[in-house]
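Breakdown of the fold
Below, each chain spelled out in residue letters.
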Amino acid sequence: MPSLATALMLRVAQGDAAAFTQLVRLLERMALGLAWRTLNDRVEAEDACQQAFARLWTQAARFDPARGNVEAWFRRILVNLCLDRRRAIRPVQSIDAAFDLADTAPDPEAQAIARDDQARLAAAMARLNPRQRLALSLFHGEGHSMAEIAAQMETTAKAVEGLLGRARNELRTMMNESVMP
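Quantities reported herein were computed from a predicted structural model and do not represent experimental measurements.

Another aspect to go through is the overall build of the chain. The helix and strand inventory of the chain stands at nine helices and zero strands. Listing the helices and strands of the chain from first to last along the sequence gives α-α-α-α-α-α-α-α-α. Computed over the C-alpha atoms, the radius of gyration of the chain is 21 Å, more than 25% above the 16 Å expected from 2.2 N^0.38 for a compact globule of 181 residues. With the C-alpha coordinates of the chain rotated into their principal frame, the extents come out at 65 × 60 × 25 Å. Classification of the 181 residues of the chain by burial places 27% in the buried group. For the chain, contacts bridging at least 24 residues in sequence account for 59% of all contacts bridging at least 6. Only carbon and sulfur atoms are counted for the fraction: they give 55% of the accessible area of the chain, which is about 12300 Å². Of the side chains in the chain, 23 bear a positive and 22 a negative charge, and the two mean positions are spaced by 7 Å.

Moving on, we come to the pattern of salt bridges. One pass over the structure, following the stated rule, counts six salt bridges. The shortest N-O distance in the salt bridge between Glu-46 and Arg-42 comes to 3.2 Å. Residue Glu-46 and its partner Arg-42 are located together in helix H3 (residues 42–58), separated by four residues, close to a single helical turn. We classify Arg-42 as partly exposed; its relative accessible area is 46%. Sharing partners across several salt bridges, the network here consists of Asp-116, Asp-117 and Arg-120.

Counting residues in each nonpolar core, the largest one holds 28 residues, and the members touching the most others are Met-9, Leu-23, Phe-53, Val-70, Phe-74 and Leu-78. Of all the secondary-structure elements, those providing two or more residues to this core are helix H1 (4–13), helix H2 (17–39), H3 and helix H4 (70–87). Looking at this core, the element that brings in the most residues is H2, giving nine residues. Excluding residues within four positions of it along the chain, Val-70 makes contact with Ala-5, Thr-6, Met-9, Leu-23, Leu-27 and Phe-63. The next biggest cluster of nonpolar side chains, apart from the first, holds 17 residues, and it includes Ala-124, Ala-150, Leu-163 and Leu-164.

Two elements in contact, helix H6 (residues 108–127) and helix H7 (residues 130–141), have axes whose closest approach is 8 Å; the angle formed by their N-to-C orientations is 130°. Between H6 and H7, the angle is such that the two are oblique. Here Met-125, Ala-126 and Arg-127 of H6 come into contact with H7, specifically with Arg-133, Leu-136 and Ser-137.

Turning next to the layout of surface pockets. As a volume, the largest pocket reaches approximately 580 Å³. For the lining of the largest pocket, the leading source of residues is H2, giving nine residues. The computed volume of the second largest pocket comes to approximately 180 Å³. If you trace the second largest pocket, you find it lined by Arg-62, Phe-63, Asp-64, Arg-67, Gly-68, Asn-69, Ala-72 and Trp-73. For the lining of the second largest pocket, the residue count by class is three nonpolar, two polar and three charged.

Right, let's get into the packing of H7 against helix H8 (residues 146–153). Running from N to C, H7 and H8 point in directions that differ by 140°, and their axes come no closer than 10 Å. Considered as vectors, H7 and H8 are oriented oblique to each other. For the crossing formed where H7 meets H8, the hand is right-handed. Contacts from Arg-131, Leu-134, Ala-135, Leu-138 and Phe-139 in H7 reach Met-146, Ile-149, Gln-152 and Met-153 in H8. Within the contact of H7 with H8, the residues separate by chemical class into seven nonpolar, one polar and one charged.

Glancing now at the environment of Arg-172. Within the fold, Arg-172 resides in helix H9 (residues 157–179). With a relative accessible area of 48%, Arg-172 lands in the partly exposed category. Sequence separation between Arg-172 and Ile-149 is 23 residues; the distance between their C-alpha atoms is 22 Å. Within polar-contact distance, the side chain of Arg-172 engages the side chain of Asn-169 at 2.8 Å.

Calculation rules
Residues numbered from 1 in each chain as written. Predicted model: local features only at pLDDT ≥ 70, side-chain atom pairs only at ≥ 80, totals over all residues. Heavy atoms only, no water. Helix = DSSP H or I, 4+ residues; strand = E, 2+ residues; numbered from the N terminus. Rg over C-alpha atoms; globule rule 2.2 N^0.38 Å. Buried < 20%, exposed > 50% of the residue type's maximum accessible area, 1.4 Å probe, protein only. Contact = heavy atoms within 4.5 Å. Areas by Shrake-Rupley, 256 points an atom, 1.4 Å probe, with all protein chains shown as cover. Lys, Arg positive; Asp, Glu negative; His and termini not counted. Charge placed at Lys NZ, Arg CZ, Asp CG, Glu CD. Salt bridge = Lys/Arg side-chain N within 4 Å of Asp/Glu carboxyl O. Core = buried A, V, L, I, M, F, W, Y, C linked by side-chain atoms within 4.5 Å. Axes fitted to C-alpha atoms, helices over the stretch in contact; angles between N-to-C directions. Parallel < 35°, antiparallel > 145°, perpendicular 65-115°, else oblique. 1 Å grid on protein atoms, 1.4 Å probe; cavity = no way out; pocket = protein on both sides within 12 Å on 5 of 7 lines; lining within 4 Å. Points joined across faces, edges and corners; volume = space filled by probe spheres on them. Nonpolar A, V, L, I, M, F, W, Y, C, P; charged D, E, K, R; others polar. Left-handed = near helix turned anticlockwise from the far one by under 90°. Polar contact = N/O pair within 3.5 Å; in protein donor to acceptor, adjacent residues only side chain to side chain.

Written out as structure tokens, the structure is:
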């Protein structure tokens, strides 16, 4: 039985605009997160996503479910567009303009504090229950919805919500304890 995305894509290939709208809603969060992480610019990421969705519509007939899933096919389209944008020649300023630029890098103290916070968070995450750690990683790290996480963890969205709440509380407690002398 084909996935929802595959079923929608097959309808899109037949020109079904309503199926396209549903497919965009299904993929948009993943797409924007991936584009933003690749381009590190929200406006560029939104433009890349819009261009990728337009390409998904115009090239829908080229999708072959026997060769893979819709998500992977769309992700490849989006990544290629993002990489093209990164390679694009950008206008450069004269060398004289560089003298007037302020250093925006954090100072060494801020960098040390950030590294310490990251190390404390990693240590706290390692101490979490594996199911809580997985739920946090899928929700915050991968950007999955509660329903997607529930399906992957073979539980309910309500149970995932509880896992996330408990995990956040435990992390907060562990982070506060590691700051105390």
